[in-house]
Every structure is written in C-alpha cells, then in structure tokens.
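Structural features, examined
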Amino acid sequence: MWYYEKKLQYPVRVSACNPRIAKYLMEQYGGADGELAAALRYLNQRYTIPDRVMGLLNDIGTEEFAHLEMIATMVYKLTKDATPDQLKEAGLGPHYVNHGKSLYFENAAGESFTVAHIQSKGDPIADLYEDIAAEEKARSTYQWIINVSDDPMLNDALGFLREREVVHSQRFREAVDLIKEEQGKKKVF
Amino acid sequence: MPTYRKWYYPYSSPFDPCPPLTRVPYETPVQLYLGFQPPGMKQFSPLQALSHGTLWPGLYTPYTDPYNPKKKEA
C-alpha cells in the first residue's frame, strides 16, 4: 500500500503563460517514455525480478508517480486559464474538443497512452535493460523539452526531473551488477 | 574525469538546403562512467540534495541547452 503526502516532490513554478509548453509536456505525461509508462512498467515488473532488486523497482516505480504528479501540475497551470482560442493557438484545439481542460494520458502528438508502450518480459536482464533504456529516453525527452522551453522556472523543475532520471539509470545499472554477480564464489583480487 | 557532453561532426554537402549545424551535441552523463557506486562518496546537505535532485555531488550532472548557452542551467 501507499501513503500519500500532500505535496509535490519538488516545487513547480511556471513563470509565463505559454500553453504550447503544456502540449510538449504531454510527452512526459502520456507518452511511451513518460512518467506513467515508467511507473506502470516498474511496479508491474517488480514481482518477477530477483528479490535483491525488487525493492528498487518498488521505490523507483513509486517515485515515478510523484513525477507524474509534477508534470500534471505543470500542464494544469499552463492550461487552466487559457481561453479556447489560446488553446487552439497552442495546438491543443483537438485536445480541448475531446477533453475540455481536463488532463488526459496522451503524448505530445495527441496519441492516447497504451500499455503496448511497455514490456514485461519476465527475464531479469531483459527487463532491467529495458528500464535503463526507459530512463535514458525520459532523460533525453526532458533535454528536448528544456531546449524548446524558455521558461526558466519551469526549466528548473524539469532539470530536477532530468537529474532523477540520471540517478534512476545509475541504480538500474547497479541492479544489473548485483544480479549478475557470481554468488557463493570466492572472489580473487 | 569524463566529459558529459560530446560532439560529432556529420558530413554536410554543398547541396544541402539548410545551413549546416557543423557540430551536433550529445549527452554522456555520469551514470555511464561511475560503475557500482563506491561507499563513502561525498554528500550534499539535505537541503542542497533536495534542490539538486540527488544526494551525491558525484551523480549531479546538470543540463544546459547546447543551442542556447546563455539560457540558465536546468
């Protein structure tokens, strides 16, 4: 089970009214390499991973939901006061027609989230390598969003989220090291 | 000490329609080099750690927009 703490993992501040950035941020909300995909992937894979690294998937999967919540906050702040015309201008016209101002799990191009985006192979190495790749893909998505965003306050929070991808990738790499270790063998240095 | 950004120089033809970028950046952050994290690495203070996104200065690799170096570090 989970305990909910009613605050964001890192404060989300947005300095400019620019709904177009909200459209870009949707990639991390409902995209193939987004936070939702990450959370579902790890929390699902954790059952069939060696118990030495099960807790890692549990913890990182949980944290991904905290990231999802930050992205949701950004998108909401950027769209809540926009007029339908401004949303249209920002390329969010089709979104508005289908979903109003509510958030929806879709990517920056408006394609709905599907679990076919994620895999669970039941092979620990295959799964952990997918997880490392997922973190690197999310890291680069953050970089590309930072490159197209000129909102310094938003970019500050995006920089935080990108750094978390770096740390998660590091931990998954260590998880591979842990489970490939020759157990019970004498190590000779 | 590894570098965390590298560049490659793709071929550009005299017949290309757009002016060439000449060099293309790519990121190679710290997790590619660290290996299994050794014990006893230096730590940020809790407050610094919260704002950096990591407890470990050795894992902190911030990103800047390579196309717009004047933009603040993210």
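Our subject is the structure that appears above.
First things first, this report covers the structure right here in the doc.

Conventions adopted
Here the residue numbering is sequential within each chain, running from 1 through the sequence in written order. In the order they appear in the text, chains get letters beginning with A and ligands get numbers beginning with 1. The model is predicted, so local features are restricted to residues of pLDDT at least 70 and side-chain atom pairs to those at 80 or more, both for listing and for counting; the totals for chains, interfaces and linings are taken over all residues. Remark: hydrogens and water are excluded; side-chain values derive from all non-hydrogen atoms of the structure. Points on a 1 Å grid, built from protein atoms alone, make a cavity when a 1.4 Å probe fits but cannot get out and make a pocket when they are open with protein on both sides within 12 Å along at least 5 of 7 lines; residues with an atom within 4 Å of a point are the lining residues. Grid points are joined across faces, edges and corners, and a volume is the space filled by probe spheres set on the points. Only DSSP runs of H or I with at least four residues qualify as helices, and only runs of E with at least two residues qualify as strands; both kinds are numbered from the N terminus onward. Residue polarity is assigned by list, with Asp, Glu, Lys and Arg as charged and Ala, Val, Leu, Ile, Met, Phe, Trp, Tyr, Cys and Pro as nonpolar; anything else, Gly included, falls into the polar class.

**Quick look at empty space enclosed by the protein**
Residue and element names in this part refer to chain A. By the definition in use, this model includes two cavities of 30 Å³ or more. Size it by volume and the largest cavity reaches roughly 100 Å³. What lines the largest cavity is Met 26, Val 75, Thr 79, Leu 87, Leu 92, His 95, Tyr 96, Gly 100, Lys 101, Ser 102 and Leu 103. Among the secondary structure elements, those contributing two or more residues to the lining of the largest cavity are α3 (51-79) and α5 (93-99). Of the voids in this model, the second largest cavity is the one considered here, and its volume is about 50 Å³. Contributing to the lining of the second largest cavity are Asp 33, Gly 34, Glu 35, Ala 38, Arg 41, Tyr 42, Glu 64, Ala 134, Glu 135, Ala 138 and Glu 165. Of all the secondary-structure elements, those providing two or more residues to the lining of the second largest cavity are α2 (35-45) and α6 (124-148). Of the residues belonging to the lining of the second largest cavity, the class tally is four nonpolar, one polar and six charged.

**Quick notes on the layout of surface pockets**
Residue and element names in this part refer to chain A. Taken as a whole, the largest pocket holds about 420 Å³ of empty space. Considering the residues around the largest pocket, the lining is formed by 13 residues, among which Glu 5, Lys 7, Gln 9, Ala 66 and Glu 69 are closest to the centre. Take the lining of the largest pocket: its biggest share by element is five residues, from α3. Looking at side-chain class alone, the lining of the largest pocket contains seven nonpolar, two polar and four charged residues.

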